[in-house]
Amino acid sequence: MQAFVRGLGLWSPGFSSVSDWCSGASRSEAVKPEASSLGGALGRRATALTRIGVEALQQAASDAKVEVSAVPTVWATAHGEHETAVEILRGLVLGDGRISPTRFHNSVYNAAAGYASIATGNRQPSTTLAGGADLVAMALLEGLCVLHAGARDVIVVALDEPMLPPFDARGAAAPLAVSLCLSADSGAAQARVSGLRRRDVAPVARHPRFGGLYVSAALPLLEAVANGRRERVALELDHGQTQGVWTIDVEGVRPVPCEADRT
Amino acid sequence: MSAERSGSRRIGYPITAWSAVNALGVSTAQVLDALHAGRSGLSAAPPATPFATVCGAVRGVLEPLIGDLQRYDFRNNRIARRAVEGIEPEVQAAVERWGAGRVGLAIGSSTAAMDETERAYETHARTGSLPRDFDVQQHASPEGLLHVIRTVTGIAGPGVVVSTACSSSAKAFGTAKRWLAADVVDAVLVGGADSLCQTTLRGFHALALVASEPARPFSAQRCGINIGEGAAFALVERRGTGPRLLGVGESADAHHMSSPDPQGHGARHAMLAALDEAGLSGADVDHVNAHGTGTRLNDAMEAEAIRAVLGAEARALTVSTKGYTGHLLGAAGVTEAVFALDALVTGCIPESLGADPVDPQIAIAIAIRAAQMPLRVVLSNSFAFGGSNVSLVFGEPV
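Being a predicted model, the structure only gives us computed values, none of them experimental. Each chain carries its own residue numbering, running from 1 in the written order of its sequence. Following the order in which they are written, the chains are lettered starting with A and the ligands numbered starting with 1. Whole-chain, interface and lining totals are the exception, using all residues; otherwise, since this is a predicted model, local features are given only for residues with pLDDT of at least 70 and side-chain atom pairs are given and counted only at 80 or more.

Chemist: It is not clear to me how the overall build of chain A should be interpreted in this structure. Could you clarify?
Modeler: Per the secondary structure count, chain A includes 8 helices and 8 strands. Counting only C-alpha atoms and orienting by the principal axes, one finds that chain A spans roughly 55 × 40 × 35 Å. By the criterion used throughout, residues are in contact when their C-beta atoms, derived from the backbone, lie within 7 Å. Counted over contacts in chain A with a minimum sequence separation of 6, partners at least 24 positions apart contribute 73%. Strands here are runs of E lasting at least two residues and helices are runs of H or I lasting at least four, both read from the DSSP assignment and numbered beginning at the N terminus.

Chemist: Can you walk me through the interface of chain B and chain A in this structure?
Modeler: Many analyses report the size of an interface as the accessible area lost when the parts associate. Contact with chain B, which involves 52 residues of that partner, is made by 49 residues of chain A. Broken down by secondary-structure element, the contributors of at least two residues to the side of chain B that touches chain A are α4 (114-127), α5 (142-153), β7 (159-162), α6 (168-181), α7 (198-206), β10 (244-252) and α8 (265-278) of chain B. In terms of residue count, the dominant contributor to the side of chain B that touches chain A is α6 of chain B (6 residues). Here the term charged refers only to Asp, Glu, Lys and Arg, the term nonpolar to Ala, Val, Leu, Ile, Met, Phe, Trp, Tyr, Cys and Pro, and the term polar to all other amino acids, Gly among them. In terms of residue class, the side of chain B that touches chain A is made up of 23 nonpolar, 21 polar and 8 charged.

Chemist: What is the right way to read the pairing of strand β16 (residues 388-395) of chain B from this model?
Modeler: All names here are of chain B. Exposure in this text rests on C-beta crowding, where 20 or more other C-beta atoms within 10 Å of a residue's own make it buried, 12 or fewer make it exposed, and counts in between make it partly exposed. The C-beta atoms are placed from the backbone. With 8 of 8 residues buried, β16 lies mostly within the body of the structure. Residues Ser388, Val390, Leu392 and Phe394 line one face of β16 and the alternating positions Asn389, Ser391, Val393 and Gly395 line the opposite face, and both faces are buried. As defined by bridge partners, β10 adjoins β16 across 8 bridges and the pair is classed as antiparallel. Bridging from a neighbouring strand, Glu250 pairs with Val390 of β16. As paired elements, strand β15 (residues 377-384) and β16 share 8 bridges and run antiparallel to each other. When the sheet's bridge partners are listed, Val377 is paired in β16 with Gly395. Connecting β15 to the antiparallel partner β16 that follows it, the hairpin turn spans 3 residues, and Gly386 within it adopts a positive phi of roughly 85°. Following DSSP output, two strands are said to pair if at least two bridges run between them.

The values reported here are purely geometric and, on their own, carry no functional implication.
Dropping the structure here:
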């Protein structure tokens, strides 16, 4: 299976776009993204994780020039709405034991998918995946399979936030959402991706900012696409893999200079 | 694709084995016996529940996970392991037939091990530390559930947890079907698992949806939902013997996070998409296993959508099995798929427990009594928070 990458998106505090990230230095003071499609009422109810996911979705749609209200979506999050789940736990154990209805429906793993669908009027199929260290690869696989099943475009969004105390933060200091618009159609493509499989290669080095956040394993892929490089990229952080590491081959179509800080 | 298509009618993929564990029993045989007998599994809610309700709790002994899986020894994983053991020979045969790397795993779960995380947080509040070895990321998580089922089965192909709330494990069939169609795998173990926890019980209560009495979907006397727990699995293979997964239809409401679109646009679209993929029309459907939660909004919307898709004159009997098990949330889709597959094979449509007297506004045929008849095509619906809809079509081989 192969696909063309037509658009990218990224949001993490200090980095409001893929080009911000690729410039290697924090450029923005924004602590939360605009996620303009959410608007007022939905925007006030949306969680921080949902906001960054919706922002990444919008960026990829806009970059790819696909209609955000009509594109199927695949979301991937290892821990889902973790902050909201901890707020619920705090209320259950330390508070009055009640749960706010909004907080409850905000706690589902598909909250970002739901808010995005409602905000943009998108009735296309959408799924939300969770899993282990290979989550980014599994999300790309799902995206490729959605194209194989007949969709012209699909946007894959991977998003996670650091764990809160008392749970182990795994060295992650910041949330991250990244997105790719995959297309069956080569028109306006930035890169071609193919050959998604496990190979005997080194896993992705952990970035100090994101520690063990599985979704950060997507960053080398985004950088390779943005750079227009021809490269085989790993899609998993080191997790004691014994059966190889998921990889994908990237072949740039439209080179754009990018010097990411990978130290 | 020619292997999966015959003329205009698609032949889909055979489901060669299935299993379920829930309030009706700790083996598939116990579960289906209770279903056929019209016996509810609903019982008292967990003691920590601060309001009156009944729940679909798994009763009976669940063996602990030991050895390498000791750190995964949570109720959710115990229930899932118990359920997958019910089809262990068939899963082993598939792993040998296709190779471990050509068998995939797609499990639906909405809470993973939230009950255990609640206990761990409470322990931390009381003692200042989490229970020894407790790791929410690796063990009490979707990742942990995947690891347990991989370890028990030896499956080494792609593996995901689908987490779209109450449609999770029905949507896992969609992932399975796409993987098979793209030739990524030759078989997929589809599953679902969720265990009772205070977060979901109190969360649904906060939405004023929880019934104090046993749920009565489609009844004039319906009073809301009961929460249940359980796990179920279905083995979908490229070739084999069994009723077939003919179509999966997915859609989004784009309406509200926790209420269905009263117009039922998304529900209708999911059913029509599933039938279209199967090469069938609404008139071909012999039986519907509804989402049927027992809330006024869901039941009215869903019945209207079923009527629109099947036709006003349709005589296909619709059942909600949530009066037996409660709402299994992330495990509901595959559990109800197992009930639909059993109906196809046995011709037994269970009584829609508690539906009698049916709400006069529900304009479809509800199975107020159990029925026995040959069934060729069965449809099963699941709807979820975020407006996530999925409809599955199963049928006998043509």
